Amino acid sequence: LYEFAGKRVPFLVLACVCLLDGLLLLVLAPPGGTGARANMPVGTPIHRLMIDPYIAVVAGALATCNIPLAFLEPTIANWMKDSMGASEWEVGLTWLPAFFPHVLGVYVTVRLAASYPHLQWFYGALGMAIIGASSCLVPACRNFGQVIIPLCGICFGIALVDTALLPTLAFLVDVRHVSVYGSVYAIADISYSVAYALGPIVAGQIVHTMGFAQLNLGMGLANVLYAPVLLFLKNVCQMKPSHSERNILLEEGPKGLYDTIKMEERKG
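Residues numbered from 1 in each chain as written. Predicted model: local features only at pLDDT ≥ 70, side-chain atom pairs only at ≥ 80, totals over all residues. Heavy atoms only, no water.

With an unreviewed UniProt entry as reference, the protein is termed VACHA protein, source organism Lanius ludovicianus. Regarding the protein, the UniProt comment filed under Subcellular location (unreviewed entry) reads as follows: "Membrane". (UniProt positions renumbered as here; feature names shortened; annotations may be inferred.)

Draft legend 1. Quick look at the UniProt feature "transmembrane region" (unreviewed entry) in the protein. The sites that UniProt annotates as "transmembrane region" (unreviewed entry) are residues 12-33, 53-72, 93-114, 120-140, 147-172, 184-203 and 215-233. With 100% helix and 0% strand, residues 53-72 has end C-alpha atoms that lie 29 Å from one another. (Helix = DSSP H or I, 4+ residues; strand = E, 2+ residues; numbered from the N terminus.)

Draft legend 2. Layout of the packing of aromatic side chains. Using the criterion set out here, one finds 6 aromatic pairs in the structure. Taken together, a centroid distance of 5.2 Å and an interplanar angle of 75° make the contact between F99 and F100 edge-to-face. According to the relative accessible area criterion, F100 is exposed, its value standing at 54%. Ring geometry for F122 versus Y123: centroids 6.4 Å apart, planes at 65°, classification edge-to-face. (Phe/Tyr/Trp six-rings, centres within 6.5 Å; stacked < 30°, edge-to-face > 60°. Buried < 20%, exposed > 50% of the residue type's maximum accessible area, 1.4 Å probe, protein only.)

Draft legend 3. Molecular detail of the packing of helix α6 (residues 76-84) against helix α10 (residues 144-176). Contact pair α6 / α10: the axes reach a minimum separation of 11 Å and the direction vectors enclose 150°. Read as a crossing pair, α6 and α10 show a hand that is right-handed. Contact residues: α6 offers I76, W79, M80 and M84, while α10 offers F144, V147 and L151. Considered class by class, the residues forming the contact of α6 with α10 number 7 nonpolar, no polar and no charged. (Axes fitted to C-alpha atoms, helices over the stretch in contact; angles between N-to-C directions. Left-handed = near helix turned anticlockwise from the far one by under 90°. Contact = heavy atoms within 4.5 Å. Nonpolar A, V, L, I, M, F, W, Y, C, P; charged D, E, K, R; others polar.)

Draft legend 4. Region of interest: the pattern of salt bridges. According to the stated counting rule, one finds 2 salt bridges in the structure shown. Here R176 and D52 are joined by a salt bridge, their closest N and O atoms 2.7 Å apart. Of this pair, R176 sits in helix α10 while D52 sits in the loop between α4 (46-50) and α5 (53-72); the two residues are 124 residues apart in sequence, bridging distant segments of the chain. For R176, a relative accessible area of 32% puts it in the partly exposed group. In this structure D52 comes out as buried when scored by relative accessible area, which is 4%. Linking K81 and E88 is a salt bridge whose minimum nitrogen-to-oxygen distance equals 2.8 Å. (Salt bridge = Lys/Arg side-chain N within 4 Å of Asp/Glu carboxyl O.)

This is how it looks when you write it as structure tokens:
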């Protein structure tokens, strides 16, 4: 759009998409009263969730797997122009094919998790290995068609990691803390934000001092080395709910709809 329609058009398109999304939210999910939320239990403070070793491992994996994407976005355009003489539209179109393997990765992981839920950690580790191998292949590409392949591999691997580990965060909150998920998903967003905040700062400096190839090799190595750390999550599926929430519900009795449903589930 920038090359063929001018620099204003991409921003106008984004503005229209955001406006449409906001209007749809107002129609489909209008702001409601706070009465229902008043009966919800208080979630575990975010600082306590952050020091949970299992949650910390998941957060580290989410940050590490997104580093290649975050570091390549601000650097790959200049590299493609210098190494293969790519045009503006080729640079922009490079990321479009990666959308399809990302969706495929989500679908595959969901199907596998439904049949083998105890292997969530393995799907995440496999995704990180794929990301690592794909990152190392990027500098070897010599034309527009070749560079698409490792980028598809990176996005496929990210889909595996995200789709496997985000539900693991919810499960960890269920069995080790209170079943309120806002704080733990905030930690996931922080993990992404760390990677994308460091990208423009660190990646550019590494490319300037060491080179684009060294940047990719470092990112690939980081993902491959982190993959075995997910073995720490191997026995997560065998964890039982902690006694804290159960005792609160059974001793104090139901205080709202959420607690009533919880008690009925436990009785069942």
